[in-house]
Amino acid sequence: MYLRVASSTRSGSLSRNLCSARSSVFGEAAGVFRPESPRVLSRNGASKAQFSTKMMAEPIIDLKGKKALVTGIANNRSIAYGIAKALHQAGAEIGVTYLPLNEKMEGKVKDLTLDLEPSLFAPCDVSKPEDIANLSEEIKSKWGTVDIFIHCLAFANREDLTGDFMNTSKDGFNLAMSISTYSLIEVTNALVPLMTDGGSIVTLSYLGAVKVVPNYNVMGVAKAGLEASVRYLAAELGPKQIRVNAVSAGSIRTLASSAIGGIQTMIKHVEENAPLRRATTTEEVGNTTAFLASDAAGGITGQVIYVDSGYEILGATIEK
């Protein structure tokens, strides 16, 4: 099914193929569109046969020529990996950072991202300002500039993701805020001078930022701070044509989410009650992020986009 719009030009009226309902976000199913019996209305309302034409559908998302830095890839089930894969499929040149815990971690992430063909692969522990400075210099040396920054960094102690929120330790609170929230501000500050032609910054949030989710606790507060940071950064960087948005992903079975007490029960609840009656996939989050990173989302900044099978709209559910 195609949506067609008649648009006037100097040479006449052309029917434009905007999109195919069967195409993916990258337009993989795009093909030749032949109107069966196109007609247009003249000024007096009389219909006139329009000439037959072939129209090739263009990819909805095109990131060719863009350089995208992706942080937080841990395994092939991580949301960060799904995002990097979507950006790569859209034509972006990929750069990857990894947490330099040991050589095993470096090798694991390197092997995992081989299919993404990263032209930049750099260590970065955002708890160390020198690592962020070195990352900026590495990008400047290898790429010169950067167009897209994907922030997929969050951490809280396991003991702070279960039980009562008021029992959160001060050290645990500060750690969660530093890694999950302040790192967006700090890395953005280092990369903005390299976004010389505008750019797009996208971070990951979750429903627990705005509503109480059992056991999400300190991470909910960190994500709330993250979403507020998105708005402040968007306002500040808008004049530079740098857009800042967040994707609030639904509950997904990942290594990171496994640290949250009762996560499997929550995912099952979403599958049974979300409007789409299923959990979210990393591919869906990746496709939405690729859209936000592209010129197709050129007028969108300071927003939190929910990719959660519609769960966020619910006010209450009835147990079956």
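Figured I'd write up the structure that's included with this text. Please read these numbers as outputs of a predicted model, since none were measured by experiment.

Across the two faces of strand β10 (residues 148–151) the burial is the same, with I148 and I150 and F149 and H151 all buried. In this structure, β10 lies alongside strand β11 (residues 199–205), joined through 4 bridges in parallel fashion. Directly across from F149, in β11, lies its bridge partner I201. Note on the crossover from β10 through helix α4 (residues 170–191) to β11: the handedness is right-handed.

Bringing the side chain of S248 into the picture now. Structurally, S248 is set in strand β12 (residues 242–249). Its relative accessible area of 1% is what places S248 among the buried residues. Polar contacts involving the side chain of S248 include one to the main-chain amide nitrogen of L207, which spans 3.4 Å. With residues up to four places along the chain from it excluded, the contact list for S248 reads S205, Y206, L207, V304, I305, Y306 and V307.

Where charged atoms of side chains with opposite charge meet at close range, the side chains can pair. On inspection of all chains with the given rule, the structure shows 3 salt bridges. Note that K64 and D62 form a salt bridge whose closest N and O atoms lie 3.6 Å from each other. For K64, a relative accessible area of 60% translates into the label exposed. We classify D62 as partly exposed; its relative accessible area is 42%. The salt bridge partner of R278 is E284, with a shortest N-O separation of 2.6 Å. The exposure class assigned to R278 is partly exposed, which follows from its relative accessible area of 34%.

Moving on to the nonpolar core. Counting residues in each nonpolar core, the largest one holds 35 residues, and the members touching the most others are I73, I83, L87, I150 and V285. Mapped by element, the contributors of at least two residues to this core are β7 (67–70), α1 (79–89), β8 (93–98), α2 (103–112), β10, β11, β12 and α7 (282–293). The element that contributes the greatest number of residues to this core is α1, accounting for 7 residues. Once you skip the residues sitting within four places of it in the chain, L87 turns out to touch L63, A68, V70, A92, I94, I150, A290 and A293. Within the second largest apolar cluster, 30 residues are counted, among which are A122, L184, M195 and I201.

Taken in spatial order, the 7 strands line up as β9-β8-β7-β10-β11-β12-β13 in an open sheet, and their pairing is parallel. Strands with a single pairing partner mark the edges of an open sheet, and in this sheet they are β9 (120–123) and β13 (304–307). Strand-to-strand twist of the sheet, defined as the mean angle between neighbouring strand axes without regard to direction, takes the value 20°. α1 contacts β7, β8, β10, β11 and β12 of the sheet and is inclined by roughly 170° relative to β7.

Moving on, we get to the packing of α4 against helix α5 (residues 217–237). At a closest axis distance of 9 Å, the pairing of α4 and α5 adopts a crossing angle of 15°. Looking at the two axes, α4 sits roughly parallel to α5. You can see that α4 and α5 cross each other, and the crossing is right-handed. Seen from α4, the contacting residues are F173, A176, M177, S180, T181, L184, I185 and T188; seen from α5, they are V218, M219, V221, A222, G225, L226, S229, V230, L233 and L237. Across the contact of α4 with α5, the residue classes tally to 13 nonpolar, 5 polar and no charged.

Rules used in this analysis
Residues numbered from 1 in each chain as written. Predicted model: local features only at pLDDT ≥ 70, side-chain atom pairs only at ≥ 80, totals over all residues. Heavy atoms only, no water. Buried < 20%, exposed > 50% of the residue type's maximum accessible area, 1.4 Å probe, protein only. Helix = DSSP H or I, 4+ residues; strand = E, 2+ residues; numbered from the N terminus. Pairing = 2+ DSSP bridges. Right-handed = clockwise from strand over helix to strand, strands pointing away. Polar contact = N/O pair within 3.5 Å; in protein donor to acceptor, adjacent residues only side chain to side chain. Contact = heavy atoms within 4.5 Å. Salt bridge = Lys/Arg side-chain N within 4 Å of Asp/Glu carboxyl O. Core = buried A, V, L, I, M, F, W, Y, C linked by side-chain atoms within 4.5 Å. Axes fitted to C-alpha atoms, helices over the stretch in contact; angles between N-to-C directions. Parallel < 35°, antiparallel > 145°, perpendicular 65-115°, else oblique. Left-handed = near helix turned anticlockwise from the far one by under 90°. Nonpolar A, V, L, I, M, F, W, Y, C, P; charged D, E, K, R; others polar.

Geometry only, nothing functional implied.
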